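# Overview (structure and organization)
These are the residues of each chain, in order.
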Amino acid sequence: MYDPSQLRTFLAVAQTLSFTQAARRLGLRQSTVSQHVRRLEAATGRPLFTRDTHSVELTEDGEAMLGFARTILRAHERAAAFFTGTRLRGRLRFGASEDFVVTRLPETLESFRRAHPEVDLELTVELSGTLNARLEAGRLDLILAKRRAEESGGELVWQDSLIWIGSPRLRLEADRPVPLIVYPPPGITRARALEALEAQGRAWRIACTSSSLSGNVAAARAGLGVMAHTRGLVPPGLVQVPARAGLPDLGDVDLVLRKGRRRGAGQEAADALATAILASGDRLQRPR
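Attention here is on the structure that accompanies the text. Please read these numbers as outputs of a predicted model, since none were measured by experiment.

This paragraph deals with the pattern of salt bridges. By the definition in use, this model includes twelve salt bridges. Across the salt bridge formed by Glu118 and Arg89, the nearest N and O atoms sit 2.9 Å from each other. With Glu118 in the loop between α5 (105–115) and β4 (119–126) and Arg89 in the loop between α4 (60–84) and β3 (90–97), the pair connects residues that are 29 residues apart, well separated along the chain. By relative accessible area, Glu118 is classed as partly exposed at 32%. Of the charged contacts, one joins Glu136 and Arg258 as a salt bridge, the two residues approaching to 2.6 Å between their closest N and O atoms. You can see Glu136 sitting in helix α6 (residues 128–136) and its partner Arg258 sitting in strand β11 (residues 252–259), a full 122 residues away along the chain. Ionic contacts of the salt-bridge type, sharing partners, join the residues Glu136, Arg258 and Arg261 into one network.

Written out as structure tokens, the structure is:
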């Protein structure tokens, strides 16, 4: 009843909320993306998106279709693997940014391992800059990491904005340096926070440095300072710093998948995991 290619296009639009970005991700023309969505809406008899010249949003029926689309595509992939006799095997070295620890990424990885039990999955959790360096050095096969919005390279999972977050009880004083909670270099959010404050001419000081998300979150919950963080992944117990604090805008950040140069079974496994992550990308855009 529902064409898998149309379902994949639907998921790409639902995750990026952009027909242009979905077309870029899938390697299709934007007109083809629009056609796939129209045909899927015709098949369901329901509108799946509300859209105008400025925005794209899921309807209530579109939200329901997310779960159905993922289930149908997983069943389709299992059936294809069964009847073609292909079984993934080998070693897959996957790296994920600290930010994804608090999302449903572990559930996606668990589902992947059940579907491909002969793949030896090795997980590395690190800063995005470190993951990129290891990928370039051939020490990882696939990474899920942050990228500055103005940069290129990798397959876009979704784009989000960076915001300042902290304890709801934290109060910043205008005449004192901004207390910062940061990752060590080469953290992308650290660099963006320092660049934005320097450009504004606002004084700052490092109140906490930790390579662990849990360490930085604990410091923020204790009221030690503020941290730059992806809007869609704000940990529980922390809130966006009010505009009245006068902190500078931090811009956007891309969450991307990047593959290594390895070939053979390892690359096939990387391709399969990348497909699974893209299919569940909307579930990664909010903490557990």
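Next up on the list: the environment of Val37. By the element assignment, Val37 lies in helix α3 (residues 30–44). Residues Val37 and Arg262, 225 residues apart in the sequence, show an inter-C-alpha distance of 34 Å. Ignoring sequence-local partners within four residues, the contact set of Val37 consists of Thr9, Val13, Phe19, Phe49 and Arg51.

Right, let's get into the environment of Leu131. Position of Leu131 among the secondary structure elements: in helix α6. Owing to a relative accessible area of 0%, Leu131 belongs among the buried residues under this scheme. Taking C-alpha positions, Leu131 is 8.5 Å from Leu144, a pair spaced 13 residues apart along the chain. The contacts of Leu131, once residues within four sequence positions are left out, are Gly95, Ala96, Ser97, Thr124, Glu126, Leu140, Ile143, Leu144 and Ala145.

Moving on, we come to α6. Taken together, the buried positions of α6 are occupied by Ser128, Thr130, Leu131, Asn132 and Leu135. Check the buried side of α6 and you find it contacts β3, β4, β5 (142–148), α7 (188–200) and β11. Gly138 sits one or two positions beyond α6 and adopts a positive phi of about 80°.

It is worth spelling out the side chain of Thr189 at this point. For Thr189, the position within the fold is in helix α7. Ignoring any residue separated from it by four or fewer positions in sequence, one finds Thr189 in contact with Lys146, Leu162, Tyr183 and Ala228.

Now for the pairing of strand β7 (residues 178–182). Buried residues dominate β7, accounting for five of its five residues. Along β7, one buried face is formed by Val178, Leu180 and Val182 and the opposite face, lined by Pro179 and Ile181, is buried too. Sheet topology note: the β7/strand β8 (residues 204–209) ladder contains five bridges and is parallel. Bridge pairing links Val178 to Trp204 in β8. Running through α7, the crossover from β7 to the neighbouring parallel element β8 is right-handed.

Here we take up the environment of Ala137. Summarising the element assignment, Ala137 is placed in the loop between α6 and β5. Ala137 gets classed as exposed once you look at its relative accessible area, which sits at 53%. Sequence separation of Ala137 and Arg202 is 65 residues, and the distance between their C-alpha atoms is 37 Å.

Let's shift gears to the packing of helix α2 (residues 19–26) against α3. One can describe the packing of α2 onto α3 by two numbers: an axis separation of 8 Å at closest approach and a directional angle of 105°. For the element pair α2 / α3, the angle class is roughly perpendicular. From α2, Phe19, Thr20, Ala22 and Ala23 reach across to α3, where they touch Gln30, Val33, Ser34 and Val37. Within the contact of α2 with α3, the residues separate by chemical class into five nonpolar, three polar and no charged.

This part is about a nonpolar patch on the surface. Together, Val101, Leu123 and Val125 make up a nonpolar patch on the protein surface, roughly 220 Å² of accessible area in all. Positionally, Val101 belongs in the loop between β3 and α5.

Right, let's talk about the side chain of Arg25 for a bit. By the secondary structure assignment, Arg25 is in helix α2. The side chain of Arg25 is buried and forms no salt bridge, while Glu155, the nearest opposite charge, is found at 5.2 Å. Side-chain polar atoms of Arg25 contact the side chain of Gln15, separated by 2.7 Å.

Rules used throughout
Residues numbered from 1 in each chain as written. Predicted model: local features only at pLDDT ≥ 70, side-chain atom pairs only at ≥ 80, totals over all residues. Heavy atoms only, no water. Salt bridge = Lys/Arg side-chain N within 4 Å of Asp/Glu carboxyl O. Helix = DSSP H or I, 4+ residues; strand = E, 2+ residues; numbered from the N terminus. Buried < 20%, exposed > 50% of the residue type's maximum accessible area, 1.4 Å probe, protein only. Contact = heavy atoms within 4.5 Å. Pairing = 2+ DSSP bridges. Right-handed = clockwise from strand over helix to strand, strands pointing away. Axes fitted to C-alpha atoms, helices over the stretch in contact; angles between N-to-C directions. Parallel < 35°, antiparallel > 145°, perpendicular 65-115°, else oblique. Nonpolar A, V, L, I, M, F, W, Y, C, P; charged D, E, K, R; others polar. Patch = residues over 30% accessible without salt bridge, like charges linked within 9 Å, V, L, I, M, F, W, Y side chains within 5 Å. Areas by Shrake-Rupley, 256 points an atom, 1.4 Å probe, with all protein chains shown as cover. Lys, Arg positive; Asp, Glu negative; His and termini not counted. Polar contact = N/O pair within 3.5 Å; in protein donor to acceptor, adjacent residues only side chain to side chain.

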